[in-house]
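The lines below spell out each chain.
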Amino acid sequence: MKPALIAPSVIAADFGYLRGDLARAEQGGADMLHVDIMDGHFVPNITFGPDIVRKIKSLTKLPLDVHLMLSNPRKFITDFYEAGAANITFHIECDDKITTALHEVSTFDCKVGLAVKPKTPLSAVREYLARIDRLLIMTVEPGFGGQKFMPDMMSKVEEAVAWRKEGNFRYDIEVDGGLDKWTIWPAVRAGAEVIVAGTAVFGQPDAEQAIRDLRDNAAQAVAHLKSPDDPSPKV
Ligand code: DX5
Ligand code: ZN
């Protein structure tokens, strides 16, 4: 089993001090940066657009994992690709035709992902699994950082692992929302491979150390089948 990848979410960075925060993420050993795009329609919040993503790209060597929380992602696929996205993920619940949007992303040198909100069953994405590089399982209702992790989403992660094996698919499994050095345990043990963390990185006094803590705990979670506070014997 490969170590989980850590994707600090820029939404929680200090935008008045973005250069410094992004440098910290890099120095702490982040594997990519997660970039949340919200349109105020698909979710009740607005973040930023392609121009800011281009600026972020100019400040970091890390790949940009772009998460589109947009009702009509197709309208902006080209813009976010040109702004520097290494991966573009949009929601299965969006209003656009999924096969068309998947095709459009795949015409670029860019990976493509599908995201699933907590109330949407994983079966909604099943027919598209052969076509995606990343499956994003939301562990909070999308829209805001700093929310509480939903442990009941771990059954979806387990299901995604099983379906990938069954279908011999290539996607990696990403979890997003409320991940911290504790909740990373159940997430990694369920099979999550990309860990998005906003508050747990940029909301901490030492973002570099916070990334190292996440990485260490993810590695521990893989190494042990039981968490440290679980008194039952290790298997
Ligand atoms: C929620 C976003 C997440 C979130 C992560 O809509 O997709 O990326 O901001 O932030 P934390 O880690 O604070 O939950
Ligand atoms: Zn996100």
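Scroll up a little and you will see the structure.
Along each chain, the written sequence defines residue order, and numbers are assigned to residues from 1. Chains carry letters from A onward and ligands carry numbers from 1 onward, assigned in written order. Owing to the predicted nature of the model, reporting of local features is limited to residues with pLDDT of at least 70; listing and counting of side-chain atom pairs is limited to 80 or more, with chain, interface and lining totals taken over all residues. For side-chain calculations, the full set of non-hydrogen atoms in the structure is used, while hydrogens and water are omitted.

1. Quick notes on the coordination of the zinc ion (ligand 2)
In step 1: Any N, O or S atom lying within 2.8 Å of the metal counts as a donor, with the limit raised to 3.2 Å for Na, K and Ca; because water is left out of the atom set, some sites can appear incomplete. For the zinc ion (ligand 2), every protein donor is listed as His34 (NE2), Asp36 (OD), His67 (ND1) and Asp176 (OD), and the spread of their distances is 2.0 to 2.3 Å.
In step 2: Every geometry call rests on angle ranges, with four donors termed tetrahedral when all angles are between 85 and 135 degrees, four termed square planar and six termed octahedral when opposite donors are over 155 degrees apart and all others are between 65 and 115, and everything else termed irregular. Each of the six donor atoms around the zinc ion (ligand 2) contributes to a set of angles spanning 67 to 168°, which defines the coordination as octahedral.
In step 3: Between consecutive donor residues of the zinc ion (ligand 2), the sequence gaps follow H-x1-D-x30-H-x108-D. Of this pair, His34 sits in strand 2 (residues 33-38) while His67 sits in strand 3 (residues 64-69); the two residues are 33 residues apart in sequence, bridging distant segments of the chain.
In step 4: To sort residues, take the accessible area from a 1.4 Å probe on protein chains only and compare it with the maximum for the residue type: under 20% means buried, over 50% means exposed, and anything in between is partly exposed. Taking relative accessible area as the criterion, His34 reaches 0% and is therefore assigned buried.
In step 5: Residue classification places His67 among the buried residues on the basis of a relative accessible area of 0%. In this text, helices come from DSSP runs of H or I with a minimum length of four residues, and strands from runs of E with a minimum of two, each type numbered from the N-terminal end.

2. Considerations on the sheet that holds strand 5 (residues 111-116)
In step 1: At least two DSSP bridges between two strands are required for those strands to pair. Read from one edge of the open sheet, eight strands run 1-8-7-6-5-4-3-2, paired in parallel fashion. Two strands in the sheet have a free side with no partner beyond their single neighbour: strand 1 (5-8) and strand 2. Averaged over all adjacent pairs, the angle separating strand axes in this sheet is 25°, with direction ignored.
In step 2: In the sheet, strand 2 pairs with strand 3 via six bridges, with the strands oriented parallel. In the sheet register, Met38 faces strand 3, and the bridge partner there is Met69.
In step 3: This element, helix 5 (residues 154-167), spans strand 5, strand 6 (134-138) and strand 7 (172-176) of the sheet and lies at about 170° to strand 7. In this analysis, axes come from line fits to C-alpha atoms, helices being fitted only over the stretch in contact, and the angle between any two N-to-C directions falls in the range 0 to 180 degrees. The criterion used for residue contact is that any of the two residues' heavy atoms lie within 4.5 Å.

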